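As a plain string of letters, each chain reads:
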Amino acid sequence: MSLAARRRTRRELADGREIIYFDDHAAPPREAVDTRDLGERALAGELRRDALTGDWVAIAGHRLHRTFLPPKDECPLCPSGRGTVPSEIPESDYDVVVFENRFPSFSAHAEEGAGTAYGMFEHVPAHGRCEVVCFTSDHEASFASLPASRVRTVIEAWADRTSELGRQPGVEQVFCFENRGQEIGVTLHHPHGQIYAYPFVPSRTQSLLTEARRHHDRTGRLLGADILTAERRDGSRMVLEGRHWSAYVPYAARWPVEVHLAPHRDVPDLVALDGAERDELAEVYLDLLGRLDRYHPSPDGSPLRLPYIAAWQQAPVHVGRDVSRLHLQVMSVLRAPGKLKYLAGSESGVGGWVNDVPPERIAARLREVGG
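Residues numbered from 1 in each chain as written. Predicted model: local features only at pLDDT ≥ 70, side-chain atom pairs only at ≥ 80, totals over all residues. Heavy atoms only, no water.

(A) The arrangement of the overall build of the protein chain in detail. Each helix and strand counted, the protein chain has six helices and 16 strands in total. Relative to a compact globule of 371 residues, whose C-alpha radius of gyration would be 21 Å, the protein chain shows 21 Å and is just as compact. Each of the three principal axes of the protein chain carries a C-alpha extent, and together these read 60 × 55 × 40 Å. The buried share of the protein chain, taken over its 371 residues, is 51%. A separation of at least 24 residues holds for 66% of the contacts in the protein chain among residues at least 6 apart in sequence. Here the protein chain has roughly 17,300 Å² of accessible surface; of this, 52% comes from carbon and sulfur atoms. (Helix = DSSP H or I, 4+ residues; strand = E, 2+ residues; numbered from the N terminus. Rg over C-alpha atoms; globule rule 2.2 N^0.38 Å. Buried < 20%, exposed > 50% of the residue type's maximum accessible area, 1.4 Å probe, protein only. Contact = heavy atoms within 4.5 Å. Areas by Shrake-Rupley, 256 points an atom, 1.4 Å probe, with all protein chains shown as cover.)

Spelled out as structure tokens, the structure:
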């Protein structure tokens, strides 16, 4: 499908939040009006610096009152008119839609204060942005059940938001991700993901940058590229290979199910992907998600929807772009049907990970359940 066939429409919700429709085709103009009486939009809270680690922590007390696992007829992500109350999406149908989160951890509309620049109790307003990405208007669907054409539209939305949010003042990192399954902690069943625009570089990204910089200074090469080359040469942890993308289980996988999906070309972020890479990504990502849903057999032999986190690791906005390399990390807490991996003392207390499942076994199973 050509990019010209897609329509992108900006609108505004009743409390002033932005909503953007990404349509698979040149659909009729999106003109529905949000008629809800929402009052003033919620403000983000503040960022507090942990003096022990240097990490920034968002304090967002208003999120305690966000919508929690509502019944289908009250789903805020379904199109308006399908349930008993108007939803966050005024239109009666949609393809892909992105809107500002009603209960944001980060926002341009944050509680203002002078903040402290030093000392043990440093804090600043939690400026940034949190967006919700709805992949489909079908409440019963999942990302894995989408047609490739729809996934292609989602990819366009991810790239569009990465580019635009990265240009906003103060944004240092744009993070696109999906949480699926109550075991992961989702509060809405409707298939959706989120995008966070952080005013700092989060600690995991900092760790990735540190290792990438060390490797580049020593070899002149990109760490992500050398890892992909090594995994493809070894083969024991490879899951699938395409013309532009490969998926593998990382050598030191932390989670009982974990896969990395990486492009063959060196690109820093989703924006840098060309048309052919985006086209194949839609296909191989669906292939990978299908394997993940077949990873654990259910009692009746049907596919088991695997709870997972899908996290796009891409270059920060201003630092480390010369050593960063895009990849998707998909991970699950489900070690067996009905059995979860809990982050217990070692993982939660000191970050000392222990994985009961050898990465080679994970990869072998994912190869076995290929379509």
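(B) Up close: the sheet that holds strand 8 (residues 173–180). Strand order in the open sheet formed by 11 strands is 1-2-5-7-9-8-13-14-12-11-10, and the pairing between neighbours is antiparallel. Edge positions in the sheet fall to strand 1 (7–12) and strand 10 (238–241), since each of these pairs with one other strand and no more. Across the sheet, the mean angle from the axis of one strand to that of its neighbour is 20°, orientation sign disregarded. Pairing of strand 12 (residues 257–263) with strand 14 (residues 327–332), which is carried by five bridges, proceeds in the antiparallel orientation. Within the sheet, the bridge partner assigned to glutamate 258 lies in strand 14 and is methionine 331. The sheet strands contacting helix 1 (residues 148–166) are strand 1, strand 2 (18–23), strand 5 (96–100), strand 7 (129–134), strand 8, strand 9 (192–198) and strand 13 (308–313), and the helix crosses strand 2 at an angle near 145°. Together, strand 8, strand 10, strand 11 (245–248), strand 12, strand 13 and strand 14 form the strand contacts of helix 4 (residues 275–293), whose direction differs from that of strand 12 by roughly 170°. (Pairing = 2+ DSSP bridges. Axes fitted to C-alpha atoms, helices over the stretch in contact; angles between N-to-C directions.)

(C) Local environment of the environment of glutamine 313. Assignment of secondary structure puts glutamine 313 in strand 13. Residue glutamine 313 is classed as buried on the basis of its relative accessible area, which comes to 11%. Sequence-wise, glutamine 313 and glutamate 156 are 157 residues apart; in three dimensions their C-alpha atoms are separated by 17 Å.

(D) Fine view of the packing of helix 1 against helix 4. At their nearest, the axes of helix 1 and helix 4 sit 9 Å apart, and the two run at 125° to each other. With respect to each other, helix 1 and helix 4 are oriented oblique. When the axes of helix 1 and helix 4 are compared, the crossing they make is right-handed. Facing Ala148, Val151, Arg152, Ile155, Glu156, Trp158 and Ala159 of helix 1, the residues of helix 4 in contact are Gly275, Arg278, Asp279, Leu281, Ala282, Glu283, Tyr285 and Leu286. Partitioned by chemical class, the residues of the contact of helix 1 with helix 4 number nine nonpolar, one polar and five charged. (Parallel < 35°, antiparallel > 145°, perpendicular 65-115°, else oblique. Left-handed = near helix turned anticlockwise from the far one by under 90°. Nonpolar A, V, L, I, M, F, W, Y, C, P; charged D, E, K, R; others polar.)

(E) Region of interest: the sheet that holds strand 3 (residues 46–49). Spatially, three strands are ordered 4-3-6 in an open sheet, and the strand pairing comes out antiparallel. Edge strands, defined here as strands with exactly one partner in the open sheet, are strand 4 (56–59) and strand 6 (123–125). For this sheet, the mean angle separating the axes of adjacent strands, direction not counted, is 30°. Here strand 3 runs beside strand 6; their pairing, made up of three bridges, is antiparallel. Counted as the bridge partner of glutamate 46 is proline 125 from strand 6.

(F) Structural detail: the layout of surface pockets. Space inside the second largest pocket adds up to approximately 360 Å³. Residue lining of the second largest pocket: 24 residues in total, with Arg180, Gly181, Gln182, His189 and Arg305 positioned closest to the centre. When grouped by side-chain class, the residues that make up the lining of the second largest pocket number 10 nonpolar, nine polar and five charged. (1 Å grid on protein atoms, 1.4 Å probe; cavity = no way out; pocket = protein on both sides within 12 Å on 5 of 7 lines; lining within 4 Å. Points joined across faces, edges and corners; volume = space filled by probe spheres on them.)

(G) Fine view of the packing of aromatic side chains. What the rule picks out here adds up to 13 aromatic pairs. A ring pair is formed by phenylalanine 143 and tyrosine 285, whose centres lie 5.1 Å apart and whose planes are at 55°; its orientation type is tilted. Here phenylalanine 143 is found in the loop between strand 7 and helix 1, whereas its partner tyrosine 285 is found in helix 4, with 142 residues between them in sequence. Grouping residues by exposure puts phenylalanine 143 and tyrosine 285 together as buried. Taken together, Phe106, Phe175, Phe177, Tyr196, Tyr198 and Phe200 form an aromatic cluster joined through their ring pairs. (Phe/Tyr/Trp six-rings, centres within 6.5 Å; stacked < 30°, edge-to-face > 60°.)

(H) Fine view of helix 2 (residues 203–219). Under the 1.5 Å per step criterion, the end-to-end length of helix 2 is 24 Å for 17 residues, consistent within 8% with the ideal 24 Å. The elements touched by buried residues of helix 2 are strand 8 and helix 3 (223–234). Remark: glycine 220 follows helix 2 within two positions and exhibits a positive phi of approximately 80°. (Expected span 1.5 Å × (residues − 1).)

(I) Main features of the pattern of salt bridges. Scanning the model with the defined rule gives 39 salt bridges in all. Its salt-bridge partner being glutamate 164, residue arginine 10 comes within 2.4 Å of it at the nearest N-O pair. Within this pair, whereas arginine 10 is found in strand 1, its partner glutamate 164 is found in helix 1, the two being separated by 154 residues in sequence. Taking the relative accessible area as the measure of exposure, arginine 10 reaches 34% and is therefore partly exposed. For glutamate 100, the salt bridge is made with arginine 41, and the minimal N-O distance between the two is 2.8 Å. You can see glutamate 100 sitting in strand 5 and its partner arginine 41 sitting in the loop between strand 2 and strand 3, a full 59 residues away along the chain. (Salt bridge = Lys/Arg side-chain N within 4 Å of Asp/Glu carboxyl O.)

The values reported here are purely geometric and, on their own, carry no functional implication.
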